[in-house]
Amino acid sequence: MPPPSHPDATEVEERGLLEQLSALRGLVPYVLPPGDLNAKVRTVIAITLVVISQFILVGAPFFLGNAQDAVADSVGRGDAFVQVGLFIAFFILGYGGLRVLSTLFSEAREYVFAPVAQQAQRKIATETFAHLHRLSLRYHLAKRTGGLSRIIERGVRAIDFLFRFLLFNIGPTLLQLVIAGAAFAVAYNGWFALIAIVVVVAYVAFTVMTTEWRLKFRREMNRRDTESWARAVDSLLNYETVKYFDAERREVERYDTAMEAYARAAIRSRTSLATVNIGQSLLMNAGIVASMVLAANFILGGEMSTGDMLTITLVLNQLYRPLNILGFAYREIKQALTDLERMFQLLEEPPEVTDAAHAVPVDDMRGRIEFDHVDFHYESDREILRGISFTVEPGQTVAVVGPTGAGKSTLSRILYRFYDIAGGAVRIDGRDIRDITQASLRASIGMVPQDTVLFNDTIGYNIAYARPDADRTEIEQAARDAQIHDFIAALPQGYDTLVGERGLKLSGGEKQRVAIARTLLKDPAILILDEATSALDSATETDIQAALGVASEGRTTLVVAHRLSTIQNADQILVMDQGRIVERGTHAQLLARGGLYAELWSRQDAAVDA
Ligand SMILES: Nc1ncnc2c1ncn2[C@@H]1O[C@H](COP(=O)(O)OP(=O)(O)O)[C@@H](O)[C@H]1O
Ligand SMILES: [Mg+2]
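Quantities reported herein were computed from a predicted structural model and do not represent experimental measurements.

Undergrad: When you look at the overall build of the chain in this model, what are you seeing that I'm missing?
TA: Helix and strand counts for the chain come out as 20 helices and ten strands. The globule rule puts the C-alpha radius of gyration for 610 residues at 25 Å, and the 36 Å found for the chain is more than 25% above it. With the C-alpha coordinates aligned to their principal axes, the bounding extent of the chain is approximately 125 × 65 × 55 Å. Of all 610 residues assigned to the chain, the portion counted as buried reaches 31%. Long-range contacts, defined as pairs at least 24 residues apart, comprise 78% of the intrachain contacts of the chain with a sequence gap of at least 6.

Here it is as structure tokens:
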């Protein structure tokens, strides 16, 4: 068995970032939604605000440099006091003011863009959720539910992260580099632009390369973390077994070994981070020093002022500061892109059972069921049903019996169209169920399964789930018919009693009666009872049998039965074995025949007598 996965350990993709960036295309229709002018305008305004803020940010140091020169120039001249005061007020306050203004513009984007971002997240999450409900039973049986909801949760978080980092952090920093480079080239000299650009490019390349190199330590760390966690959990789950075998020491040693491996990986991860930081610092400061030397040279030659030098230092500092988090951002962006891709993949997963283009809604079904030479398999390498044919007239009850694994439940899944068949046809009222919309098909079929799972809500809610608009009298009537009203009424909270997760606070028989009540409230033309009572003791079963008798009155009923005594009165009994109908007839006919049914009957009869 694979170890349970640690809730916090994340795996980072091994593919390149550029390859992954294509996932972003999927986001475009959400930030620039077709037909939603408001959102489109907001997105454009938000980006414009960020662009303006970057211009102001680069402009501010130029202001301060000029102020410094103006102050230096006015020293020793007439009216110096007033001049200096004015310049200080104007330029220094101007510098501060500009920087604040830049922040204002940059943050104002939140007011404009936050609704778009939230709307996009909500839309994608809801679409994915709806899609999960469209996907077939086969898909859900193969997946862990927790895994699916995590894909949505992480995908939505990824969108938020990508907006914040790509659109409003990395993007603006690159823009700032371009503006600063252009401003340097125009105001001073192309060399300054070249140095700034070369340093940033080298910095980014170095960070990406070393972060990729570090990822393997991180993966190792995650793996070790998962491992030690799994060991600890497994060991504690087996607490008693550990005691039986006096194995505490062994368990602790095993855990310690796992922790040691984790510690080793963690040390490598930490020290490699230090290497990255040192390299980044070297590059960044080399760039600043080179620019300073160059500027000093120009100052000596009389081509530049000290104020210009100040401007250059400030611009470079401003430019390099956001790069600090580049390693982190790179890793997280990759992770976010992976999460986003997973969510989009989920959205693209095709549902197996779909409505045909010509499918029509049908209401008012009479409930004539016809299986016509039906072949079926779950996996193509294993046939489950072979040439199944039978007919149930409206209002009749047909029982299906046979050994476990014969394919009885499969019949009900096919009728409900959880799966499509490989050959033959299933018809209701003479119409192929593939020509009916799934919604109307399922609206006309009520299903009481063997194990009923309830929503973690009140009993009333669970019964009304069949028809949320049902009023209290209707709910109570359904509960009465299912013989559970008296039980519910006697509870301190009555219909408002919470049933607990999956309905665990109710006994099997009570749950089953709630399931019958809600099916009665649905009032379908066709009723499927799939071993609805086989998990119950025989006294409870007898009680419920009465409720089921009421339920099947006037409806076409397909009942998969475990105890043959409950189906003696069925209009027809089908005996299934290994995917085929091997016998059919009434109880009396089948007994007289002396085949598989008679054998099953005598065995159960003996069991009851014993
Ligand atoms: N989702 C599934 N995928 C693959 N095989 C399945 C699936 N569900 C049931 N089967 C197989 O199909 C056969 C018939 O199952 P089922 O109709 O549930 O039998 P039963 O007569 O006991 O109700 C069994 O052998 C079972 O292993
Ligand atoms: Mg079954």
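Okay, back to it.
Undergrad: How should the site of ligand 1 be read in this particular structure?
TA: Taken together, Leu141, Tyr378, Glu379, Ile384, Thr404, Gly405, Ala406, Gly407, Lys408, Ser409 and Thr410 make up all the residues around ligand 1. Per-element tally for the shell around ligand 1: the top contributor is helix α12 (residues 408-415), with three residues.

Undergrad: Even after reading the chapter, I still don't get the pairing of strand β4 (residues 423-428), so can you show me in this structure?
TA: The two faces of a sheet get side chains in turn, since along a regular strand they alternate between them. Of the pairings in the sheet, the one linking strand β1 (residues 369-377) to β4 comprises five bridges and is antiparallel in character. Bridge pairing links Ile369 to Ile428 in β4. Looking at chain direction, β4 and strand β5 (residues 431-432) are connected through two bridges and run antiparallel. By the bridge assignment for β5, Arg427 is matched with Asp432. In this structure, the hairpin formed by β4 and β5 is closed by a connection of two residues, where Asp429 is found at a positive phi of approximately 50°.

Undergrad: Sorry, what's going on with the packing of helix α17 (residues 508-522) against helix α18 (residues 538-552) here?
TA: When two helices pack together, their arrangement is given by the angle between their axes and by how far apart the axes lie. Put simply, α17 and α18 touch, their axes get as near as 11 Å, and they point 0° apart. By the angle between their directions, the pair α17 and α18 is classed as roughly parallel. Mapping the contact onto sequence places Gly509, Gln512, Arg513, Ile516, Thr519 and Leu520 in α17 and Thr540, Asp543, Ile544, Ala547, Leu548 and Ala551 in α18. Class assignment for the residues of the contact of α17 with α18 results in six nonpolar, four polar and two charged.

Undergrad: I tried to follow the sheet that holds strand β10 (residues 580-585) on my own but got confused; where do I start?
TA: Each strand in a sheet pairs with its neighbour through backbone hydrogen bonds, running either in the same direction (parallel) or in the opposite one (antiparallel). Spatially, β6-β7-β8-β3-β9-β10 is the arrangement adopted by the six strands of the open sheet, whose pairing is mixed. Of all the strands in the sheet, just β6 (445-448) and β10 have a single pairing partner and so form its edges. In this sheet, neighbouring strand axes are inclined to one another by 20° on average, regardless of whether the strands run parallel or antiparallel. In terms of strand pairing, strand β3 (residues 397-401) meets strand β8 (residues 556-560) through four bridges, oriented parallel. Bridge pairing links Val398 to Leu558 in β8.

Undergrad: Looking at this structure, I do not really get the sheet that holds β1. What am I missing?
TA: Sheet architecture is open: four strands sit in the order β2-β1-β4-β5, paired in antiparallel fashion. Each edge of the open sheet is held by one strand with a lone partner, namely β2 (383-392) and β5. Strands in contact with α12 are β1, β2 and β4; relative to β1, the strand with the most contacts, it is inclined by about 110°.

Undergrad: I'm lost on unusual backbone geometry in this one. Help?
TA: Most peptide bonds take the trans form, and the phi angle of most residues other than glycine is negative. One non-glycine residue with positive phi stands out, namely Asp364, at about 65°. The topology assignment puts Asp364 in the loop between α11 (326-348) and β1. A positive phi is found at His373, a non-glycine position, where the angle reads about 45°. Tracing the sequence through the fold places His373 in strand β1.

Undergrad: When you look at helix α15 (residues 472-481) in this model, what are you seeing that I'm missing?
TA: Along an α-helix, residues three or four apart share an orientation, since each turn contains 3.6 residues. Inspection of α15 places Ile475, Ala478 and Ala479 among the buried residues, and these make up the whole buried set. Considered in projection along α15, the buried side chains sweep an arc of 100° and stay on one side of the axis. Residues of α15 that are buried in the fold lie against α14 (459-464), α16 (485-490) and α17. Remark: Gln483 follows α15 within two positions and exhibits a positive phi of approximately 60°.

Undergrad: For this particular structure, what's the right way to read the pairing of β10?
TA: Across five bridges, strand β9 (residues 572-577) lies against β10 in antiparallel orientation. The residue bridging Val575 from the neighbouring strand is Glu583, located in β10. Hairpin geometry of β9 and β10 is characterised by an intervening segment of two residues between the two adjacent antiparallel strands and by a positive phi of about 50° at Gln578.

Calculation notes
- As a convention, each chain's residues are numbered from 1 in the sequence order in which they are written.
- Working convention: letters from A go to chains and numbers from 1 go to ligands, in the order in which they are written.
- Predicted model: local features are reported for residues with pLDDT of at least 70 only, side-chain atom pairs are reported and counted for 80 or more only, and whole-chain, interface and lining totals are derived from all residues.
- Secondary structure counts use DSSP, requiring at least four H or I residues in a row for a helix and at least two E residues in a row for a strand, with both numbered from the N terminus.
- Radius of gyration here is computed from C-alpha atoms only, and the compact-globule reference equals 2.2 Å multiplied by the residue count raised to the power 0.38.
- Each residue is classed by its C-beta neighbour count within 10 Å, where at least 20 other C-beta atoms makes it buried, 12 or fewer makes it exposed, and intermediate counts make it partly exposed; the C-beta atoms are placed from backbone geometry.
- Any pair of residues counts as being in contact when their C-beta atoms, constructed from backbone geometry, are within 7 Å of one another.
- Only the C-beta atom matters for this test: placed from the backbone, it must lie within 6 Å of a molecule or strand for the residue to be near it.
- Two strands are said to pair when DSSP picks up at least two bridges between them.
- Axes here refer to lines fitted to C-alpha atoms; in helices the fit is confined to the stretch in contact. Angles between the N-to-C directions go from 0 to 180 degrees.
- What sets the label is the angle itself: under 35 degrees gives roughly parallel, over 145 gives roughly antiparallel, 65 to 115 gives roughly perpendicular, and the rest give oblique.
- Ten residue types, Ala, Val, Leu, Ile, Met, Phe, Trp, Tyr, Cys and Pro, are classed as nonpolar, four, Asp, Glu, Lys and Arg, as charged, and the remainder, Gly among them, as polar.
- Here the arc refers to the directions that run from the helix axis out to each C-beta atom.

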